[in-house]
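As a plain string of letters, each chain reads:
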Amino acid sequence: MRIILLGSPGAGKGSLAAEISKKYPVAHISTGDILRENVKNNTPLGVKARSFMESGGLVSDDIVIAMMEERLGRPDCEKGFILDGFPRTVSQAEALEEILEKAGMAISSTVLLDVDEDLVVRRLSGRRICRNCGAIYNVNTRPSSKGDRCEICGGELYQRDDDREDIVRQRLGVYYRETAPLISYFEKKRSFLRLKPNEKGDIVLEDFEKALGWRNDNA
Ligand code: AMP
């Protein structure tokens, strides 16, 4: 199973990918998480990426592509992977195809999380993340029962700097300009799926499984 999750910031790619990788043997690869870890540890990659990330812009293609070539070559990807936040430009999509082709692999499905902009802005501005285990909550729609602490591990919940409203608008602008063209790019290929949120505004694992034919209604 080699899957790309497409969708705007705040569409729920990270939460869904985490659920999938808990249930199925796939590596969850989030370029945002890898970059944030590098920024936190002040690595040479993190130093290069920091200013782009703080302003809500994209880190340059050559940096991200090299980073992903290395990541996809690691042994845990042999069993399959789910890409969350990559590719984000047409150049990255083309590079991904080349990387996989060299390794004798191909993407099995691309799944677009198709969420309206107003919901996305509400989601991002309410998002809180556990500093310790990375669990994702939302003060509006999915608060932690332990207040500003994580339900799972008790870690402190924090708001990402780039989830502030001005930066969110910037990130959405970048999404529509740079990443949304990937929808028509992947629509032309085989196995492109579009998922819409349920009445609660969520795209849950069950919807994803049904769309991919991994589960029928009686499951
Ligand atoms: P995310 O956690 O996916 O919202 O990513 C956070 C930030 O990391 C983005 O706003 C970008 O600055 C950077 N980033 C993540 N993935 C990519 C990518 N594929 N290409 C360029 N920049 C990225």
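Please read all numbers here as calculations on a predicted model, not as lab measurements.

Q: Explain the layout of surface pockets here, please?
A: The gaps of empty space that remain are located by a probe, the size of a water molecule, rolled over the atoms. Of the voids in this model, the second largest pocket is the one considered here, and its volume is about 300 Å³. Forming the walls of the second largest pocket are 16 residues, and the residues nearest its centre are E97, A106, I107, K189 and R190. Contributing elements (two or more residues each) for the lining of the second largest pocket: α5 (90–102) and β4 (109–113). Residue classes in the lining of the second largest pocket are distributed as 8 nonpolar, 4 polar and 4 charged.

Q: How should the packing of helix α6 (residues 117–126) against helix α7 (residues 165–179) be read in this particular structure?
A: A pair of packed helices is captured by two measures, namely the crossing angle of their axes and the spacing between those axes. Interaxial distance between α6 and α7 falls to 11 Å at its minimum, and their mutual angle equals 140°. Here α6 is positioned oblique relative to α7, judged by the angle of their axes. Here α6 and α7 pass one another in a crossing that is right-handed. Side by side, α6 and α7 meet where E117, V120, V121 and L124 of the first sit next to V168, R169, R171, L172 and Y176 of the second. Partitioned by chemical class, the residues of the contact of α6 with α7 number 6 nonpolar, no polar and 3 charged.

Q: Explain the site of the ligand here, please?
A: The environment of the ligand is made up of 16 residues, and the closest members are T31, R36, G57, G85 and Q92. Note that a nitrogen atom of the ligand is positioned 2.9 Å from one of the backbone N or O atoms of G85. Measuring from an oxygen atom of the ligand, one finds a side-chain N or O atom of R171 at 3.2 Å. For the ligand, whose unbound accessible area comes to 480 Å², protein coverage reaches 96%. Top contributing element to the shell around the ligand by residue count: helix α2 (residues 31–40), with 4 residues. Considering only residue class, the shell around the ligand consists of 6 nonpolar, 5 polar and 5 charged.

Q: Before we go on, may I ask you to explain the pattern of salt bridges in this structure?
A: With the rule as written, the count across this model stands at 19 salt bridges. Among the salt bridges present, the one from K23 reaches E209, with a minimum N-O distance of 2.8 Å. Separated by 186 residues along the polypeptide, K23 in helix α1 (residues 13–23) and E209 in helix α9 (residues 205–211) bring together distant segments of the chain. Judged by relative accessible area, K23 falls into the partly exposed class, the value being 47%. When its relative accessible area of 1% is taken as the criterion, E209 is described as buried.

Q: Just checking my understanding: could you explain the packing of aromatic side chains for this structure?
A: Aromatic ring pairs: the centre-centre distance and the angle between the two ring planes describe each pair. By the definition in use, this model includes 4 aromatic pairs. With a centroid separation of 5.2 Å and 75° between ring planes, the pair formed by Y175 and Y176 is classed as edge-to-face. Take Y176: its relative accessible area is 39%, and that puts it in the partly exposed class. When the ring of F208 is compared with that of W214, the centres are 5.5 Å apart and the planes differ by 80°; the resulting orientation is edge-to-face. Among the residues examined, W214 registers a relative accessible area of 33% and is labelled partly exposed. Taken together, the ring pairs connect Y24, F208 and W214 into an aromatic cluster.

Rules and cut-offs
- Residues numbered from 1 in each chain as written.
- Predicted model: local features only at pLDDT ≥ 70, side-chain atom pairs only at ≥ 80, totals over all residues.
- Heavy atoms only, no water.
- 1 Å grid on protein atoms, 1.4 Å probe; cavity = no way out; pocket = protein on both sides within 12 Å on 5 of 7 lines; lining within 4 Å.
- Points joined across faces, edges and corners; volume = space filled by probe spheres on them.
- Helix = DSSP H or I, 4+ residues; strand = E, 2+ residues; numbered from the N terminus.
- Nonpolar A, V, L, I, M, F, W, Y, C, P; charged D, E, K, R; others polar.
- Axes fitted to C-alpha atoms, helices over the stretch in contact; angles between N-to-C directions.
- Parallel < 35°, antiparallel > 145°, perpendicular 65-115°, else oblique.
- Left-handed = near helix turned anticlockwise from the far one by under 90°.
- Contact = heavy atoms within 4.5 Å.
- Near = heavy atom within 4 Å.
- Polar contact = N/O pair within 3.5 Å; in protein donor to acceptor, adjacent residues only side chain to side chain.
- Areas by Shrake-Rupley, 256 points an atom, 1.4 Å probe, with all protein chains shown as cover.
- Salt bridge = Lys/Arg side-chain N within 4 Å of Asp/Glu carboxyl O.
- Buried < 20%, exposed > 50% of the residue type's maximum accessible area, 1.4 Å probe, protein only.
- Phe/Tyr/Trp six-rings, centres within 6.5 Å; stacked < 30°, edge-to-face > 60°.

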